[in-house]
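Notes for the structure review
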Amino acid sequence: MATVEIKNDKKEVTIPDGSLLAELDGKCSILFACKVGSCGSCKCKVTKGMENLEQPNDIEKAGLSAFGNDPSERLPCVAKIKKGKVTLEY
Ligand code: FES
């Protein structure tokens, strides 16, 4: 199991290794609207553990490019965690 810390909520959520961070929907205050990488509502800064996320796929790259292209940011609705711990802040 992998762990995602959501700084804004001061909590940690455990999700299966290899799963989309969309698993966090309903378990934290991150707003998941479209869940397909096109609205930017879920955009978060990864403050720790970026190495524990899969590289962005083409859909996420397109979304990130549209929403500022900050290399420390990811779209949790389409980003996958490999294992370990990731810390998010929005
Ligand atoms: S929920 Fe719309 S980009 Fe993630």
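Refer to the structure above for everything that follows.
Now for a quick tour of the structure. These figures come from a predicted structure and were not determined experimentally. (Residues numbered from 1 in each chain as written. Predicted model: local features only at pLDDT ≥ 70, side-chain atom pairs only at ≥ 80, totals over all residues. Heavy atoms only, no water.)

With respect to the sheet that holds strand β3 (residues 44-48)
Reading across the sheet, the five strands line up as β2-β1-β5-β3-β4 and stay open at both edges, with mixed pairing between neighbours. Each edge of the sheet is formed by a strand with only one pairing partner; in this case those strands are β2 (11-15) and β4 (73-74). Strand direction decides the pairing type here: strand β1 (residues 2-6) and β2, joined by five bridges, are antiparallel. Residue pairing across strands places A2 opposite I15, the latter belonging to β2. (Pairing = 2+ DSSP bridges. Helix = DSSP H or I, 4+ residues; strand = E, 2+ residues; numbered from the N terminus.)

Details of the side chain of R74
Note on placement: R74 falls in strand β4. From its side chain, R74 meets the backbone oxygen of E54 in a polar contact 2.8 Å long. Leave out the neighbours within four places in its chain, and R74 touches C42, K43, C44, V46, M50, L53, E54, Q55, P56, E60, L64 and A79. (Polar contact = N/O pair within 3.5 Å; in protein donor to acceptor, adjacent residues only side chain to side chain. Contact = heavy atoms within 4.5 Å.)

Describing the nonpolar core
Among the nonpolar cores identified, the biggest contains 22 residues, and V4, I15, L21, L24, I30, I81 and L88 are the most heavily contacted of them. Of all the secondary structure elements, the ones that give two or more residues to this core are β1, β2, β3 and β5 (85-89). In terms of residues, this core owes the most to one element, β1, which gives three residues. What L21 contacts, discounting residues up to four positions off in sequence, is V4, I15, F32, L53, P76, A79, I81 and L88. (Core = buried A, V, L, I, M, F, W, Y, C linked by side-chain atoms within 4.5 Å. Buried < 20%, exposed > 50% of the residue type's maximum accessible area, 1.4 Å probe, protein only.)

Section: the pattern of salt bridges
Oppositely charged side chains can form a pair if their charged atoms are brought close together. For the coordinates displayed, the defined rule picks out seven salt bridges. Put simply, K35 and D25 hold a salt bridge, and the shortest N to O gap is 3.0 Å. With a gap of 10 residues between them, K35 in the loop between β2 and β3 and D25 in the loop between β2 and β3 connect regions that are remote in the sequence. Residue classification places K35 among the partly exposed residues on the basis of a relative accessible area of 38%. Judged by relative accessible area, D25 falls into the partly exposed class, the value being 33%. Residue E73 is joined to K43 by a salt bridge in which the shortest nitrogen-to-oxygen separation is 3.6 Å. Here E73 is found in strand β4, whereas its partner K43 is found in the loop between β2 and β3, with 30 residues between them in sequence. You can call E73 buried: its relative accessible area is 14%. Under the relative-accessibility criterion, K43 is labelled partly exposed at 28%. (Salt bridge = Lys/Arg side-chain N within 4 Å of Asp/Glu carboxyl O.)

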